[in-house]
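Chain by chain, the residues:
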Amino acid sequence: MTQQDKHSPIHSLADLFETRLQHFAGQTYLVDPVADEGLSYGEVAQMVRMVGLAMRRQGVGKGDRVVVTRSWSLEAVCIAWSTFRLGALLVPLDGDLGSSPLQTSLTDCAPVLVFAGTEHLDPVLAYCRTVSDATCILLTESASVSSATFSTETFDDWLERQASGEEPGQLDAPSPNDSAAILYTSGTTGRRKGVVLTHRGLYLSGLTVATEFAFSSRDLILSTGDMHTIGSLRTNLAATVIAGSAFLLPGKSNGDPVVRHLELATRYGATILASTPPFLRRMCAYGERLDRTAFTAMRWILSTSAPLPVALAERTKTLTKTPVAEFYGLTETTGGMIFSDPQAGGTILEGGGWCRCDGVRLVADDGSEIGEADRIGGIEFRGERLMAGYWRDPELSAEVLRDGWLITGDLGRWKPDGRLEVIGRRKDMIKDADGEILYPAEVEAALGQLDAWLEKAVATGWRGRDGEEQLVLFVVPVESSPPIDQLKEQIRRHIVKKLGRRALPKRIIAVKEMPYGANEKVIKHLLIEQHLAGAD
């Protein structure tokens, strides 16, 4: 990326694609491991225009919603860019959440066009049967749904049919402030919310990542995230195109995703791995069996979606000999706002990171701004990357967007050297029977050093029948961990050593697996429902 790129004017995503196409038309944009071929920016642009024309002939216009339930593929990338160019809103949904949540999200965003795989077809068909102007297109050629009363064409058949349709009118191109996408939150604390992101926000978020980590036309990006996550959407589309980088499609595999992604990295020479802590934890579990040839060409391993424990970051760096960085942000901020310092050679900054945004502040309960170090307050952001609001929920939008500031719901404190340490969610803060304030995230961070025994540790608050709030710890032990009673005792000793007796959980519950939502975040209320329903 050149100095001119860093200071280029703000684009809509439609303008961004056309502008970068002029610079990189002949360079590789997508690498498809299924076809084992690379497609240039020019070749992808030609398909984007075909898909966009078909969508316009289908009646899709500015402000309409277009849903995709499959993860990254050539078709999904072209649908995304076509949607942006039309001024419609892209709504990538996590089809693996199950039929009921998927159908709820469909009803909420009310799309006119849904691109779905056969594995997600039932809830999509159920929605389309109730909405006369909604159309379902299959992103596969293997399914046949002859009983449907509306279009169930395959993607290729749909493109072929629309190629001979009526010529649409003039395109009303989107502006930077127009809405570009709706991403649904993971629902870790309850209801899933539709976050409306703008063209400006996605562009600036991609520009930040591309600049911070010096993306260039020599880079090949491999992302482990799905299309419905902000980190993957921002990196694979905006950041990649801004820099003229190539994007390695993950393909489809029913095997171990770690093995699959590392095989791709080895085969094609990926230079950036954009991932999450759960993926890195599974990767590090291979230990000395890890295929290090996957990291021969790699410049950075980037982690997002959840806090990256220092011990896991250092283990990842040691095993892969690759710098590791993480960034903190929310879907509502269009992703990363605080980064561990890339100039430190990939060293994760213990307990905090540096801000890369227009404004951040800590606010006390009385509304005053906190400037001194080591005092806890609510984290608030402002800037052009903030969401436009929650989809069809003006009241909730007004609660979190006030006077240009986004109230994140997270707690933090300034470190003496100016770094911002994120403590955890305000809703997760616990006040026990003795009046002690406990922060579950601090307990989880402390247990990150026990990753040799624990695959995952999640602390949360819970009220028993007596009404008193208490700290509960759920853990997923690894196969080589000590017997459960010994493990629990080691956990207690470690917590006391790191945080004192006040941070000891009232209960430690071993579980086989965690319930994950979008962004690979643990859905805490499901843990409580599954393991503490009816408990004293």
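In this report, we go over the structure that sits alongside the text. (Residues numbered from 1 in each chain as written. Predicted model: local features only at pLDDT ≥ 70, side-chain atom pairs only at ≥ 80, totals over all residues. Heavy atoms only, no water.)

### Examining the overall build of the protein
Working step 1: Scanning the protein for helices and strands turns up 16 helices and 27 strands.
Working step 2: Out of the 536 residues belonging to the protein, those deemed buried represent 56%.
Working step 3: For the protein, long-range pairs separated by at least 24 residues make up 66% of all intrachain contacts whose partners lie at least 6 apart in sequence.
Working step 4: Surface summary for the protein: the accessible area is close to 22,800 Å², and the carbon and sulfur share equals 46%. (Helix = DSSP H or I, 4+ residues; strand = E, 2+ residues; numbered from the N terminus. Buried < 20%, exposed > 50% of the residue type's maximum accessible area, 1.4 Å probe, protein only. Contact = heavy atoms within 4.5 Å. Areas by Shrake-Rupley, 256 points an atom, 1.4 Å probe, with all protein chains shown as cover.)

### What to know about unusual backbone geometry
Working step 1: Phi angles above zero are rare outside glycine, and A110 is one such case at about 50 degrees.
Working step 2: The residue A110 is located in the loop between α5 (99–109) and β5 (113–116) in this model.
Working step 3: For A110, a relative accessible area of 21% puts it in the partly exposed group.
Working step 4: Positive phi, close to 55 degrees, is recorded for R392, a residue that is not glycine.
Working step 5: Looking at the element boundaries, R392 is found in the loop between β19 (389–390) and α13 (394–400).
Working step 6: The class of R392 is exposed, set by a relative accessible area of 55%.

### Digging into the nonpolar core
Working step 1: One finds Y29, W81, F115, F155, W158 and F215 to be the most contacted residues of the largest nonpolar core, which totals 87 residues.
Working step 2: Beyond its immediate sequence surroundings of up to four residues, F115 is in contact with V66, V67, V68, T69, R70, I79, I137, L139, F155 and W158.
Working step 3: If you look at the next biggest cluster of nonpolar residues, it comprises 25 residues, including V31, L220, A270 and M298. (Core = buried A, V, L, I, M, F, W, Y, C linked by side-chain atoms within 4.5 Å.)

### Comments concerning the packing of aromatic side chains
Working step 1: Counted under the stated rule, the structure contains 13 aromatic pairs.
Working step 2: Between F213 and F327, the ring centres sit 6.1 Å apart and the planes meet at 40 degrees, which makes this aromatic pair tilted. In this pair, F213 sits in the loop between α8 (199–212) and β9 (220–223) while F327 sits in strand β13 (residues 324–330), placing the two residues 114 residues apart along the sequence. Across this residue pair, the class does not change: F213 and F327 are buried.
Working step 3: Grouped by ring-pair contacts, the aromatic residues F213, W300, F327 and F339 constitute a single cluster.
Working step 4: R361 extends its terminal NZ or CZ atom over the ring of W405, reaching a point 4.0 Å from the ring centre. (Phe/Tyr/Trp six-rings, centres within 6.5 Å; stacked < 30°, edge-to-face > 60°. Lys NZ or Arg CZ within 6 Å of the ring centre and 35° of its normal.)

### A closer look at the packing of helix α2 (residues 13–24) against helix α3 (residues 41–57)
Working step 1: Remark: α2 packs on α3, axes separated minimally by 9 Å, with the N-to-C direction vectors making an angle of 145 degrees. Here the hand of the crossing between α2 and α3 comes out left-handed. Contact residues: α2 offers F17, E18, L21 and F24, while α3 offers Y41, G42, A45, V48 and R49. (Axes fitted to C-alpha atoms, helices over the stretch in contact; angles between N-to-C directions. Left-handed = near helix turned anticlockwise from the far one by under 90°.)

### Quick word on the pairing of strand β16 (residues 359–363)
Working step 1: Summarising burial for β16: 4 of the 5 residues are buried, a large majority.
Working step 2: Note that β16 and strand β18 (residues 377–382) share 5 bridges and pair antiparallel. Within β18, the residue paired with V360 across the bridge is F381.
Working step 3: Strand direction decides the pairing type here: β16 and strand β17 (residues 369–370), joined by 2 bridges, are antiparallel. Among the inter-strand pairings, L362 is bridged to a residue of β17, identified as I370. (Pairing = 2+ DSSP bridges.)

### A closer look at the layout of surface pockets
Here the idea is plain: a probe the size of a water molecule rolls over the atoms and shows the empty space left.
Working step 1: By volume, the second largest pocket is sized at about 360 Å³.
Working step 2: Taken together, 13 residues make up the lining of the second largest pocket; nearest its centre are R281, A285, D451, E455 and V478.
Working step 3: Mapped onto the lining of the second largest pocket, the elements with two or more residues apiece are α11 (277–284), α12 (310–320) and β25 (454–463).
Working step 4: It is α11 that contributes the most residues to the lining of the second largest pocket, 3 residues altogether.
Working step 5: Taken together, the residues of the lining of the second largest pocket break down into 6 nonpolar, 1 polar and 6 charged. (1 Å grid on protein atoms, 1.4 Å probe; cavity = no way out; pocket = protein on both sides within 12 Å on 5 of 7 lines; lining within 4 Å. Points joined across faces, edges and corners; volume = space filled by probe spheres on them. Nonpolar A, V, L, I, M, F, W, Y, C, P; charged D, E, K, R; others polar.)

### Some words on the state of the cysteines
Working step 1: Here the structure, examined in full by the defined rule, presents 0 disulfides.
Working step 2: A disulfide-free cysteine, C128 has its sulfur positioned 5.4 Å from the sulfur of C136, the nearest such atom.
Working step 3: By relative accessible area, which is 4% here, C128 ends up buried. (Disulfide = S-S within 2.5 Å.)

### What to know about the pattern of salt bridges
Working step 1: For the structure shown, the criterion picks out 20 salt bridges.
Working step 2: A salt bridge links R419 to D417; its shortest N-O distance comes to 2.8 Å.
Working step 3: Across the pair E444 and K524 runs a salt bridge whose closest N-O atoms are separated by 3.7 Å. Here E444, found in helix α14 (residues 440–446), pairs with K524, found in helix α16 (residues 524–532); they are 80 residues apart in sequence, far enough to count as distant.
Working step 4: Overlapping salt bridges bring together R413, K415, E421, E442 and R502 as one network. (Salt bridge = Lys/Arg side-chain N within 4 Å of Asp/Glu carboxyl O.)

### Observations concerning the environment of Y184
Working step 1: Of note, Y184 is situated in strand β7 (residues 179–184).
Working step 2: Classification of Y184 as buried rests on a relative accessible area of 5%.
Working step 3: Once the C-alpha coordinates of Y184 and H228 are considered, the two residues, 44 residues apart in sequence, prove to be 7.7 Å apart.
Working step 4: Here D108 takes part through its side chain, which lies 2.6 Å from a polar atom of the side chain of Y184. (Polar contact = N/O pair within 3.5 Å; in protein donor to acceptor, adjacent residues only side chain to side chain.)

### Observations concerning the sheet that holds strand β26 (residues 469–477)
Working step 1: Strand order in the open sheet formed by 3 strands is β25-β26-β27, with mixed pairing between adjacent strands. This sheet does not close on itself; its edge strands, each paired only once, are β25 and β27 (507–510). Taken over all neighbouring pairs, the strand axes of this sheet differ in orientation by 25 degrees on average, direction set aside.
Working step 2: Where β26 lies against β27, 4 bridges are found, and the strand directions are parallel. Considered in β27, the bridge of F474 is made with I509.
Working step 3: Running at roughly 125 degrees to β26, helix α15 (residues 484–499) makes contact with β25, β26 and β27 of the sheet.
Working step 4: The strands that α16 touches are β25, β26 and β27; relative to β25, the one it contacts most, it runs at about 80 degrees.

### Observations regarding the pairing of strand β8 (residues 194–198)
Working step 1: A large share of β8 lies buried, amounting to 5 of its 5 residues.
Working step 2: The alternating pattern of β8 places G194, V196 and T198 and V195 and L197 on opposite faces, both of which are buried.
Working step 3: Here β7 pairs with β8 via 5 bridges, running antiparallel. Of the residues in β8, the one forming a bridge with A181 is L197.

Don't take any of this as a statement about function, it's just geometry.
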